[in-house]
Amino acid sequence: MNAAQKNLQKNTQKNTQKNTQKNTQKNVAYDDAIVRKFIIATMAWGGVAFFAGLFAALQLVYWPFNTSFEWFSFGRLRPLHTNAAIFAFAGNAIFAGIYHSTQRLLRTRMFSDLLSKIHFWGWQFIIVFAAITLPLGLTQGKEYAELEWPIDILITLVWVVFALNFFGTLARRREKHMYVAIWFYIATVITIAVLHIVNSISIPFSMFKSYTVWAGMQDALVQWWYGHNAVAFFLTTPFLGLMYYYIPKVVNAPIYSYRLSIIHFWALVFIYIWAGPHHLLYTSLPDWAQTLGMVFSVMLWAPSWGGMINGLLTFKGKWSQVRTEPVWKFFIAGLTFYGIATFEGPLLSIKSVSALGHYTEWIIGHVHGGALGWNGFMSFGMIYYLVPKLWNAELHSKKLVEQHFWLGLVGILLYYVSMLIAGVTQGLMWKAVDSNGQLVYPEFIESVVSIMPLYWVRALGGALYIVGFILMIVNIVKTIKAGSVTADTPIANLQSDNVKDGKPRLLEGYATVFTVLSLVAILVGTIIEIYPTLNVHRYVNPEITVKPFSALEQEGRDLYVREGCYVCHSQQIRPLVDEKLRYGDPSTIEESIYDHPYQWGSKRTGPDLARQGQKYPDFWHYQHMKDPRLMQPKSIMPSYEWLVKKNIDYSQIKKKLNVLRNLGVPYTDEQVKNADKDAEAQAKIIADGLKKDGVTEKIEGREILAMIAYLQALGQKGGR
Amino acid sequence: MLRQAFINFNESNLIVFGFLLFFLTFLGVLIWTFCIQKKEFYNILSASPFIDGEKREEKNGEKNE
């Protein structure tokens, strides 16, 4: 045997030995590698989400931060920030926790290592695609559901992989009865699938663009049924599952009341799904649906606080240790922020409070109290708990954890309090009416200027939170470097398998029945709420006619969606005195009946635009889009110079109108056939008018013309 | 077909129906949890986070069960 042959034999033997070891380990140990991967991804994407958020906050205090690059304008960056925070940071954190705790609670390895890897890498690819497409303006224009149809399909596939892996693990568990954390994971897996599929149904007209099948009020209701429950079932139920597992682990004591956790689960899952319409109070959504959403939102107080109290009371008798255990502080503060957010959410859902708070910065403060405090702190606590265990090392520095906690806490408080004050200030200024029945602050910009110092405080709060996060990264990297990855953790009591012990099972022992019951709990509310969308014509006055947008206006509408204008401008006037005085007649259900997607918005960093059409001449819009400061010196809106430089893509217009016609927009054959020519002709008329007004630049065929056409059409298509 | 099923369904009935369903579910869960299930069963379930074989940590002289 020569040296090469000897080497080959040696390598084969080594590989066989390694594989045998690996296979044996697979059967007797938990898969910790996948948990480590998700933890690292959480920290990496957390950085992206937080820095994008800080950058967006700075753009609001100093508009030149929008830069002249279209990819970094606020309207495109904000969806990137929210998607990164929700799906990249929080998403990876919950997957880390679910993969770690599920295996241990069921005393079995995940169903398939391959599915775990596909899930991990598939999810990271989705995030990368989102990070590329959102700055490019490829968006569906629906909050937290901006990603376009190919990515939506990928999300569905990856979620199915996750579900298969999760339910496969449940099927081969060694523990007969499922702990409450597993229930919350089950609710997450099935509800997110239902929400994502229903809200994302769309008809593509190109490789990367589509129109949602839902329109106007239908779209608004489906979107907020999805949007609110994305918060509920992506940012709440999985974190509650993690809470029920990790708090007993760190405290080294069972949850305070297991019975309360059962009530918490069923009440929360049943009620949450109904709460979506509280995002649409005073809009043209039918009143009964608004009331239903409001009442169920208020009812959410009870289960939410039940869960929070249950978590906090688990620390009973051990509060003195909080002083010496900085990791505990994260869990306690996280739970406290959960309590604050779930107190404030129902409060904001009360119609009279919503009249003041909706569209203001108060909502932004509320959201960040939950995201930074509840989701962020729970994730950090979990990471600090898991890393030393998974890398076999002592935490590098408890002092750094302590510093991280206090920096983060002060950061959140500055953020939250400043936005709360800013929101109430905005609400009061918008509503102020003098003794003559006139608006005290008729210029919208007055409210923007008055809250500018608070925008600075918010940016400072965000910066402190990030400094704390950087300390965590340093601490964790040093911990990992000092540790070592050896074999996976062995499965406890391998021989004991009480699933097959022959004793009777209770409900908690039937995974399929349990899953079906959870599905029924969320479907009841879903069907009752989606009901009006099936019967939209019952709410529409047949005598009121609405004309669809012309081809050029539709093109402009797509640009409006691309630039994320809906992030700062609403198109929904509520039937409130001040809104009528400021913007005009309240919006009707008919006005947006052909809007795919609806653009009612949820925030007014700038004024409502529902009646913007024909309010100003074309030249005003041209100047305003090029540089808003020319028309309003104190404006914080980004300059959209690229709209003057980029050409309208006439090649897609026919396809777009055809898809919209298939979705029920009453375009004639003639309109679809001549869409490109009609659009060109209308663009020429606008361009000629602008030239007459003194525009010297080359504007023929430029996107600015389509945007002006759309803005001038707002509120001009009938429906009243 | 679904539309037909709902065609004569008044909105206020829907709200009442929704509440009734919730309260019935809630009542069912309460009865199940407090009357039917035994406390001992829940004591066993609540110890689930500690069955993973990992050593329970001792802090500040505290003794594990």
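The rules behind these values
Residues numbered from 1 in each chain as written. Chains lettered and ligands numbered in written order. Predicted model: local features only at pLDDT ≥ 70, side-chain atom pairs only at ≥ 80, totals over all residues. Heavy atoms only, no water. Helix = DSSP H or I, 4+ residues; strand = E, 2+ residues; numbered from the N terminus. Rg over C-alpha atoms; globule rule 2.2 N^0.38 Å. Buried < 20%, exposed > 50% of the residue type's maximum accessible area, 1.4 Å probe, protein only. Contact = heavy atoms within 4.5 Å. Buried area = accessible area lost by both parts, 1.4 Å probe. Salt bridge = Lys/Arg side-chain N within 4 Å of Asp/Glu carboxyl O. Polar contact = N/O pair within 3.5 Å; in protein donor to acceptor, adjacent residues only side chain to side chain. Patch = residues over 30% accessible without salt bridge, like charges linked within 9 Å, V, L, I, M, F, W, Y side chains within 5 Å. Areas by Shrake-Rupley, 256 points an atom, 1.4 Å probe, with all protein chains shown as cover. pLDDT = per-residue confidence, 0-100. Phe/Tyr/Trp six-rings, centres within 6.5 Å; stacked < 30°, edge-to-face > 60°. Lys NZ or Arg CZ within 6 Å of the ring centre and 35° of its normal.

Asker: What exactly am I supposed to notice about the overall build of chain A here?
Answerer: Looking only at helices and strands, chain A features 26 helices and two strands. Taking 720 residues into account, the globule formula puts the C-alpha radius of gyration at 27 Å, and chain A, at 27 Å, falls close to it. Counting over 720 residues, chain A shows a buried share of 64%. Considering only contacts in chain A between residues 6 or more positions apart, those separated by 24 or more positions represent 83%.

Asker: Looking at this structure, I do not really get the interface of chain B and chain A. What am I missing?
Answerer: Quoted interface sizes are often the accessible area lost when the parts come together. At the junction of the two partners, chain B supplies 41 residues and chain A supplies 54 residues. For the pair chain B and chain A, the two sides together bury roughly 4200 Å², of which 67% comes from carbon and sulfur. Linking chain B to chain A there are zero salt bridges. Our enumeration of links across chain B and chain A arrives at three residue pairs in polar contact (both at pLDDT 80 or more).

Asker: Would you mind going over a nonpolar patch on the surface with me for this structure?
Answerer: Taken together, Phe69(A), Trp71(A), Phe72(A), Trp121(A), Phe125(A), Val128(A), Phe129(A), Ile132(A) and Leu136(A) make up a surface patch of nonpolar side chains, about 870 Å² in accessible area. Among the secondary structure elements, Phe125(A) is positioned in helix H4 (residues 113-133).

Asker: Got a minute to help me understand the confidence of the model for chain B in this structure?
Answerer: In regions of low pLDDT, the predicted coordinates are not meant to be interpreted in detail. Residues and elements named next belong to chain B. Per-residue confidence for chain B averages 76 on the pLDDT scale, and 65% of its residues sit at or above 70. Model confidence for chain B, summarised as mean pLDDT per element, is weakest for helix H1 (residues 2-6) at 61 and strongest for helix H3 (residues 39-46) at 90. Note that pLDDT drops below 50 for residues 60-65; the model gives that stretch eleven contacts with residues more than four away or on any other chain. Interface confidence for the predicted complex, given as ipTM, is 0.82, next to a pTM of 0.92.

Asker: So what exactly am I meant to see when it comes to the packing of aromatic side chains here?
Answerer: Aromatic ring pairs are reported here in terms of the distance separating the ring centres and the angle at which the planes meet. The final tally for this structure, using the stated rule, is 72 aromatic pairs over all chains. On the numbers, 6.0 Å between centres and 65 degrees between planes, the contact of Phe55(A) with Phe65(A) is edge-to-face. Linking Phe55(A) in helix H2 (residues 33-61) with Phe65(A) in the loop between H2 and helix H3 (74-106), this pair joins segments that are ten residues apart in sequence. Overall, the relative accessible area of 26% leaves Phe55(A) in the partly exposed class. Between the aromatic rings of Phe22(B) and Phe23(B), the centroid separation amounts to 5.2 Å while the plane-to-plane angle is 65 degrees, which identifies the pairing as edge-to-face. It is Arg36(A) that lies over the ring of Trp391(A); its NZ or CZ is 6.0 Å from the centre. A cation over a ring is seen here: Arg604(A) above Tyr359(A), with NZ or CZ 3.9 Å from the ring centre.

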